Amino acid sequence: MPAKLLARHSLKTRITLATLSIFMISIWLLAFYASRMLREDMQRLQGEQQFSVVSLVAADLNQELGDRLKALEKVAGKVTPAMLANPASLQASLESRLILQAPFNAGVVAVSAAGVAIAEVPRSMGRTGLDLSDREHIVGALKQGKLTIGQPIMGRRLTAPLLAMAVPIRDAQGKVIGALSGLTDLGKPNFLDKIAGNAYGKTGGYVLVAPKTRQIVTATDRRLIMTALPAPGTAPLIDRFVEGFEGSGILVNSLGLENLSSAKGIPIAGLYLAAGLPTAEAFAPIQDMQQRMLLAAILLTVLAGGLTWWLLRRQLAPMLAAVKSLAILATGGRTPSALAVTRQDEIGELIGGFNHLLQTLGHRESALNESERRYRTLIEWSPEANAVHRDGKLLYVNRTA
């Protein structure tokens, strides 16, 4: 391809570059808009699906906790004031209640009205005689007379994270005379393993959070158990979850990973369950599509450039041929003749107009030559002497001179 065709002043080059620029800008704007809209739609759909799953799991946990409270309440209803006054009798009664052994892997403790542990199963835990009156779940049962699930705490004897709950023990008149507490050791296999033992997607997982203390109770990622949430203001969506928002959104978790997360409350315990899926996995199809769109845009750009160049060369071929013909005529000293019109389009009209101009110039040249011939004849045969000189040199004289 001649170098002059690639010059900046080449019409084909300018039109090709302008066409490519418009094409590329349009393609990339369309790709950006499509990928953005697709990401928003996928985030909404995946968020709805994720929230549905979290809601089902949260409802199941709420039922599990409710069943454990009911089991405690059922046993507490069998405890009499006489049994509370006789710890040995109460101990024997608790040991006979097999219903309590499976739900609470850290045991069950009966406390007096003063909040002191007077009986427990199993006895090996060594909690008898401990003052538990400062524990949240014990306070709720003794002081407020309601079924209470406390915030996760570190056990004094087990030195392990515990989830504790308690129900009041009442006398015949309904007065609270003690409490029965059930404990779950989160470091051992327990009913919350359905959260910690399952992943969400390939790389995502669940977290159970105590919003009151901004603490993670348990999680699929064991590194997060009993760790604190990011400080308020660090992750706005987490702050909304803590405040009671139930829904989906994008957040950066404690490990610094951007996640698509959904949260659902567990009202019976004042906790909430959240599921998180890294956006790298959630939006992987969009990233693959963007790469394919990039490749397609590059191929389309090359194809459009080649086709534009070929079409321009084909369309401008008559004009280029006319330019070459004029250049040959100009160097040959011949009178320009009419150029061939091969197509009746804009270029054909341009060449036709040029041919009309050549015809007009030819008529004018003929008239000028005729006028000059007559003038020469008049001067040459004039009876008066005529001479032309310049700078002392004689240039012309007629016959008479």
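Definitions and cut-offs
- Residues numbered from 1 in each chain as written.
- Predicted model: local features only at pLDDT ≥ 70, side-chain atom pairs only at ≥ 80, totals over all residues.
- Heavy atoms only, no water.
- Buried < 20%, exposed > 50% of the residue type's maximum accessible area, 1.4 Å probe, protein only.
- Helix = DSSP H or I, 4+ residues; strand = E, 2+ residues; numbered from the N terminus.
- Contact = heavy atoms within 4.5 Å.
- Phe/Tyr/Trp six-rings, centres within 6.5 Å; stacked < 30°, edge-to-face > 60°.
- Pairing = 2+ DSSP bridges.
- Axes fitted to C-alpha atoms, helices over the stretch in contact; angles between N-to-C directions.
- Arc of directions from axis to C-beta.
- Salt bridge = Lys/Arg side-chain N within 4 Å of Asp/Glu carboxyl O.
- Core = buried A, V, L, I, M, F, W, Y, C linked by side-chain atoms within 4.5 Å.
- pLDDT = per-residue confidence, 0-100.

> Looking at this model, I keep getting lost on helix H4 (residues 136-143). Mind explaining?
Since the α-helix packs 3.6 residues into each turn, any two residues three or four apart lie on the same face. For H4, every residue scored as buried is listed here: His-137, Ile-138, Gly-140, Ala-141 and Leu-142. Buried residues along H4 sit against strand E1 (108-112), strand E3 (148-149), strand E5 (161-170) and strand E6 (176-185).

> I keep staring at the packing of aromatic side chains and nothing clicks. Help me out?
A ring pair, where both rings are aromatic, is described by two values, the distance of the centres and the angle of the planes. Inspection of the entire model under this criterion finds three aromatic pairs. Ring centres 6.1 Å apart and planes at 80° place the aromatic pair Tyr-200 and Tyr-206 in the edge-to-face group. Taken individually, Tyr-200 and Tyr-206 each receive the classification buried, so the pair is uniform in this respect. The interplanar angle of 55° and the centroid separation of 6.0 Å between the aromatic rings of Phe-241 and Tyr-272 together place this pair among those described as tilted. Residue Phe-241 is located in helix H6 (residues 236-242), and its partner Tyr-272 is located in strand E11 (residues 271-278); the two are separated by 31 residues in the primary sequence.

> How should I be thinking about the sheet that holds strand E9 (residues 247-252) in this particular structure?
In a beta sheet, neighbouring strands pair by backbone hydrogen bonds and run either parallel or antiparallel. Taking strand neighbours across the sheet as the criterion, the five strands line up as E8-E7-E11-E10-E9 in an open arrangement whose pairing is antiparallel. What marks the edges here is a single partner per strand, and that holds for strand E8 (215-219) and E9. Across the sheet, the mean angle from the axis of one strand to that of its neighbour is 35°, orientation sign disregarded. Direction of pairing for E9 relative to strand E10 (residues 258-266): antiparallel, over a ladder of six bridges. Each residue of the ladder has a partner; that of Ile-250, found in E10, is Leu-260.

> What is the right way to read unusual backbone geometry from this model?
Phi is mostly negative for residues that are not glycine, and the peptide bonds are mostly trans. Here Val-121 and Pro-122 are connected by a cis peptide whose omega angle stands at -10°. For Pro-122, the position within the fold is in the loop between strand E2 (117-121) and H4. Even without being a glycine, Arg-214 presents a positive backbone phi close to 50°. Checked against the element boundaries, Arg-214 lands in the loop between strand E7 (205-210) and E8. You can call Arg-214 buried: its relative accessible area is 17%. The residue Met-226 is not glycine, and still its phi comes out positive at about 65°. Here Met-226 is to be found in the loop between E8 and H6.

> Honestly, the pairing of E6 in this entry has me stumped. Any pointers?
For a regular strand, the rule is simple: side chains alternate between the two faces of the sheet. Most of E6 is tucked away, with nine of its 10 residues classed as buried. Two strands pair when backbone bridges link them, and E1 and E6 are joined in this way by five bridges, in the antiparallel orientation. Residue Ala-110 lies in a different strand from E6, and its bridge partner there is Leu-180. Examined bridge by bridge, E5 and E6 share nine bridges and lie antiparallel to one another.

> Teacher, can you tell me more about the pairing of E11 here?
The buried count for E11 comes to eight of eight residues, which makes it a mostly enclosed element. Burial along E11 is two-sided: the face carrying Leu-271, Leu-273, Ala-275 and Leu-277 and the face carrying Tyr-272, Ala-274, Gly-276 and Pro-278 are both buried. Looking at chain direction, E7 and E11 are connected through five bridges and run antiparallel. Looking at E11, one finds that Tyr-206 is bridged to Ala-275. Summarising the sheet, E10 and E11 pair through eight bridges and their orientation is antiparallel. Across the sheet, residue Leu-260 finds its bridge partner in E11, namely Leu-277.

> Quick question: what am I supposed to make of helix H3 (residues 87-96) here?
Within the sequence span of H3, burial applies to Leu-90, Gln-91, Ser-93 and Leu-94. With its buried residues spanning 165° around the axis, H3 presents them on a single face.

> Would you mind showing me how to read the pattern of salt bridges here?
When charged atoms on two side chains of opposite charge get close, those side chains can pair. One pass over the full model with this rule turns up 11 salt bridges. As a salt-bridge pair, Arg-214 and Asp-239 come within 3.1 Å of each other at their nearest N and O atoms. With Arg-214 in the loop between E7 and E8 and Asp-239 in helix H6, this pair connects stretches of sequence that are 25 residues apart. Residue Arg-214 shares its accessibility class with Asp-239, and that shared class is buried. Through salt bridges with shared partners, one network takes in Glu-370, Arg-373 and Arg-374.

> When you look at the nonpolar core in this model, what are you seeing that I'm missing?
One finds Leu-90, Leu-94, Leu-180, Leu-208, Ile-266 and Leu-273 to be the most contacted residues of the largest nonpolar core, which totals 48 residues. Considering every element that reaches this core, the biggest residue donor is helix H1 (residues 11-76), with 10 residues.

> Would you take a moment to explain the confidence of the model for the chain for this structure?
Note: predicted coordinates in regions of low pLDDT should not be interpreted at a detailed level. When pLDDT is averaged along the chain, the result is 81, and 90% of the positions lie at 70 or above. The low-confidence segment residues 1-7 (pLDDT under 50) makes 10 contacts with residues lying over four places distant or belonging to another chain.

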